[in-house]
Amino acid sequence: MGRAMRADAEFFETTADARVESVPLAHLSVELGHFYSPDLRQDEEFFIDHFRRIGIWYSAARSACEAMVPRGNPRISTCVLIDDYFGQPASPSALIRKLRDAAGKAGLEIDYLVRESGCAHTVAKVDPDPAEPVETAPPGLSLAHLVEARLVEDPPPNSTGARPPVGQTGWLCNGQRSPATETHEAMKRPTVWRPPAENAAVNHSIFEDIELWRDGPDGRLWSCAMLAAVWQLLRLGLLRDNGRRVAAPHPLPGDLPDNWRALPMVLQLNERALPFNAYRAMTICAPLFLPVENAVRTILQQVAVDPAVLAQVGGRARDEGVALPLEVVDRMEYLFVDTGPVRGAGPG
Amino acid sequence: MVLVLGEVMTAALRHSGGMPRERVEDALGLLAGERVRISERPIGYAVSPKTFTGVDCRILARSGAKVRGVGTLMGRACLTGGRVLQSSAVARIDPVGGGYRRAWSHYLARLGVVEALGRTDLPGTAAAHLAADRSSSTMGMGAFCVRLLSEIQGSPVLDKSTPVRARRTVLRWAALIDERNEGVRVRFAVREDGLRTVRLVLGPAEIDDIVDLCEDLALHDWLLTALMSVIEQSQIGVEQPAQSVLKLRPAVDHLLHLWMPAARLGGVALSVWEGLESRPGLSRQWDASVRRVRDQMAMAAALSSSRPPESARFFR
């Protein structure tokens, strides 16, 4: 080999560098409500009752966080998620006022309000790079697509690298499905039924099969479980698009549009709010949401978060003396409590 | 001691022209939302984002014993000089006590690691990996490499025509890392069935550096194989020099400038290359082959310029 190659000089090219952008982090993000259309139509009294009931558990979550954080000075932010994907809520100005007032009367403050459709639709670049002309910028991907790309399926026993990724059906499970049981045409008799199996079963299986999306004439419709999984990863500050942060919070504009889609995905309602993203996420909700959140956990157990992002967040936690679980699902906590007569997503 | 196993597949990119940056990004963008890293110096080089696939299967140790391995294989692809495409499958084998499989999130918090459940003999596992049939690679690494390579070769940005006819080669490698080791020992072999094997025993090292090194070895082994195959097809001494030269031309156009051992690499790679050059002398064989190509070129040029075509027959 040539002698010139042994010289000590090194080339550094920034494009060959795989750095990821960092985001401000609170210790804890507390979700005070996830509202669907049937609930969003309720009056202020409904929300005051909701936030009063949530408030009791919010205090408990606060105390638990204070006890965990060194020097007892926790950074906590609150958020609510509204569904503008499956339904169309009232105009932003009316709804935001109603939610804020109700929370205030119940002694809570909503720091951030988030639009669920932001997880599903292509997000406009928040801070366009002035050096990059808009027309040549790559079309953005939705957050749901970014998460879908990172799915690494839980392999059933006897799977090697030869197993192709399924990924084409829109369904994700935690084991092996039961074979189809319809009559086999050629054989004219039913195939023998076999049970499904969970891959990491403890004695007996709890098999789950989750619909992530469905493609229809109007394009792809993401499932509630998939969008909620994206939402949890976003809160935990673990999503990046080409190394850049996504869905950064924006202050509430002075003039509110009539259309939710014209607003940024994450709206900062409280000027003094601590960071939106957090090491851990606490969700306080009605037991009605347990199946969805269980599906969220099953999905997130199969999402391979960028190791560079995990290392970055883990390193910052270590520097602050904060204990942070290695596995992403262990960073999410739940309180399933009676939050009043909540209707949830409804059948539509 | 740490054991890392891998396999590298090397082929000519199925594209005839040059590859501008955006096309390279499209072709190698295996993961939405992740960058393709590109560098231009000292040689054009692009590497895909890392991608992972889950495995839960038997791993063979030399003693014939098998253990269950659960975890993920890391896969990636790279393109050198806009011409040579490679895909890699890699896994670190971590023996763990207790014979049961954990929740999948446990394995996704350790990407690129396969946990061997039960008693595992690491040197034995390395030997079995290198000794296995070409078609039965450990944990389906070969099939994973094929899948990555096919995905890229099938990209719509490529015109599917290959200017250099050369076989796809497979290099299978095992690296045993031990803190107590000083320096590095390497054994490079070309087996009868065409499989290349590399066994590395070395001190503390980054896995990414070892992957880079093995891909670099596979790249140069492929270049040499491809050049020799072009020379063979050109039938030097049988055909007219002008005819031979026509057949040698793809090598001159597309291969000769790509030979740069360890060009982008540091410490470990340099000493491995130095070790390899002292014995099999890959570069010596390359230099000799390149001289042969250039001599043919020079002779053909001399013949065509100094003699009228009819008198050239005199030399037949």
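Residues numbered from 1 in each chain as written. Chains lettered and ligands numbered in written order. Predicted model: local features only at pLDDT ≥ 70, side-chain atom pairs only at ≥ 80, totals over all residues.

K.L.:
Looking at this model, I keep getting lost on the overall build of chain B. Mind explaining?
P.N.:
When helices and strands are tallied, chain B shows nine helices and ten strands. Relative to the 2.2 N^0.38 estimate, which gives 20 Å for 316 residues, the radius of gyration of chain B is 22 Å and therefore close to what a compact globule would have. For chain B, the spread of C-alpha atoms along the three principal axes comes to 80 × 40 × 35 Å. Among the 316 residues that make up chain B, the fraction classed as buried is 45%. Considering only intrachain contacts with a sequence separation of at least 6, the fraction spanning at least 24 residues in chain B is 74%. (Helix = DSSP H or I, 4+ residues; strand = E, 2+ residues; numbered from the N terminus. Rg over C-alpha atoms; globule rule 2.2 N^0.38 Å. Buried ≥ 20, exposed ≤ 12 C-beta atoms within 10 Å, placed from the backbone. Contact = placed C-beta atoms within 7 Å.)

K.L.:
Teacher, can you tell me more about the overall build of chain A here?
P.N.:
Helix and strand content of chain A: seven helices and 17 strands. Taken over 348 residues, chain A has a buried fraction of 37%. Considering only contacts in chain A between residues 6 or more positions apart, those separated by 24 or more positions represent 77%.

K.L.:
For this particular structure, what's the right way to read the sheet that holds strand 14 (residues 250-251) of chain A?
P.N.:
Strands in a sheet are paired, the pairing made by backbone hydrogen bonds, and the direction either parallel or antiparallel. Residues and elements named next belong to chain A. Reading across from one edge, 14-15-3-2-1-16-17 is the order of the seven strands in this open sheet, with mixed pairing throughout. At either end of the open sheet lies a strand with only one pairing partner, and these are strand 14 and strand 17 (332-336). Judged from the two bridges that link them, strand 14 and strand 15 (residues 266-268) form a sheet pairing that is parallel. Within strand 15, the residue paired with His250 across the bridge is Leu267. (Pairing = 2+ DSSP bridges.)

K.L.:
Explain the interface of chain B and chain A to me, please; I cannot follow it from the model alone.
P.N.:
Interface size is commonly expressed as the accessible surface area that is lost when the partners come together. Taken together, the 41 residues of chain B in the interface contact 37 residues of chain A. Elements supplying a minimum of two residues to the side of chain B that touches chain A: strand 2 (37-39), strand 4 (51-60), strand 5 (66-80), helix 2 (104-108), helix 4 (141-153) and helix 7 (267-278) of chain B. By residue class, the composition of the side of chain B that touches chain A is 22 nonpolar, nine polar and ten charged. (Nonpolar A, V, L, I, M, F, W, Y, C, P; charged D, E, K, R; others polar.)

K.L.:
It is not clear to me how helix 5 (residues 224-235) of chain A should be interpreted in this structure. Could you clarify?
P.N.:
Quick reminder: α-helices carry 3.6 residues per turn. Residues three or four places apart thus point the same way. Taking 1.5 Å as the rise per residue, helix 5 of chain A with twelve residues should run 16 Å; its terminal C-alpha atoms sit 16 Å apart, in good agreement. Positive backbone phi, at 65°, marks Gly237(A), one or two positions downstream of helix 5 of chain A. (Expected span 1.5 Å × (residues − 1).)

K.L.:
Could you clarify how one ought to interpret unusual backbone geometry in this entry?
P.N.:
Trans peptide bonds make up most of the peptide bonds, and negative phi angles are found at most residues other than glycine. A cis amide bond, omega 0°, links Arg41(B) with the succeeding residue Pro42(B). Within the secondary structure, Pro42(B) sits in the loop between strand 2 and strand 3 (45-47). At Asn242(A), a residue that is not glycine, the phi angle is positive and equals roughly 50°. Within the secondary structure layout, Asn242(A) lies in the loop between strand 12 (240-241) and strand 13 (244-245). According to the C-beta neighbour criterion, Asn242(A) is partly exposed, with 18 such atoms within 10 Å.

K.L.:
Can you help me understand the domain arrangement of chain B in this one?
P.N.:
Residues and elements named next belong to chain B. Domain boundaries in chain B define domain 1 (2-205) and domain 2 (224-315). Each of domain 1 and domain 2 has a C-alpha centre, and these two points are 30 Å apart. It is strand 9 (residues 184-190) that contributes the most residues to the side of domain 1 that touches domain 2, three residues altogether. Residue classes in the side of domain 1 that touches domain 2 are distributed as twelve nonpolar, four polar and two charged. (Domains from an automatic or database assignment.)

K.L.:
I tried to follow the packing of helix 5 of chain A against helix 6 (residues 290-300) of chain A on my own but got confused; where do I start?
P.N.:
The description of two packed helices rests on the angle between their axes and on the distance between the axes. Residues and elements named next belong to chain A. The interhelical angle for the contact between helix 5 and helix 6, taken along N-to-C directions, is 65°, at an axis separation of 8 Å. For the element pair helix 5 and helix 6, the recorded crossing hand is right-handed. Across from Cys224, Ala225, Met226, Ala228, Ala229 and Gln232 in helix 5, the residues of helix 6 making contact are Val292, Ala295, Val296, Ile299 and Leu300. Grouping the amino acids of the contact of helix 5 with helix 6 by side-chain chemistry returns ten nonpolar, one polar and no charged. (Axes fitted to C-alpha atoms, helices over the stretch in contact; angles between N-to-C directions. Left-handed = near helix turned anticlockwise from the far one by under 90°.)

K.L.:
Quick question: what am I supposed to make of the pairing of strand 5 of chain B here?
P.N.:
All names here are of chain B. Among the 15 residues that make up strand 5, twelve are buried, leaving the element largely enclosed by the rest of the structure. Judged from the ten bridges that link them, strand 4 and strand 5 form a sheet pairing that is antiparallel. Its bridge partner lying in strand 5, Arg58 is registered against Arg68. A loop of five residues connects strand 4 with strand 5, the two strands running antiparallel in sequence, and Gly64 in this loop sits at a positive phi of about 95°. The pairing of strand 5 with strand 7 (residues 113-117) spans four bridges and is antiparallel. In the sheet register, Gly71 faces strand 7, and the bridge partner there is Val114. Bridge analysis of strand 5 against strand 6 (residues 84-96) gives seven bridges, and the strand direction is antiparallel. Within strand 6, the residue paired with Leu79 across the bridge is Leu85.

K.L.:
I would appreciate a short explanation of the confidence of the model for chain B in the present structure.
P.N.:
Atomic detail in the predicted coordinates should be set aside for any region of low pLDDT. Per-residue confidence for chain B gives a mean pLDDT of 88; residues scoring 70 or more make up 96%. As scored by the predictor, the complex reaches a pTM of 0.87 and an ipTM of 0.84. (pLDDT = per-residue confidence, 0-100.)

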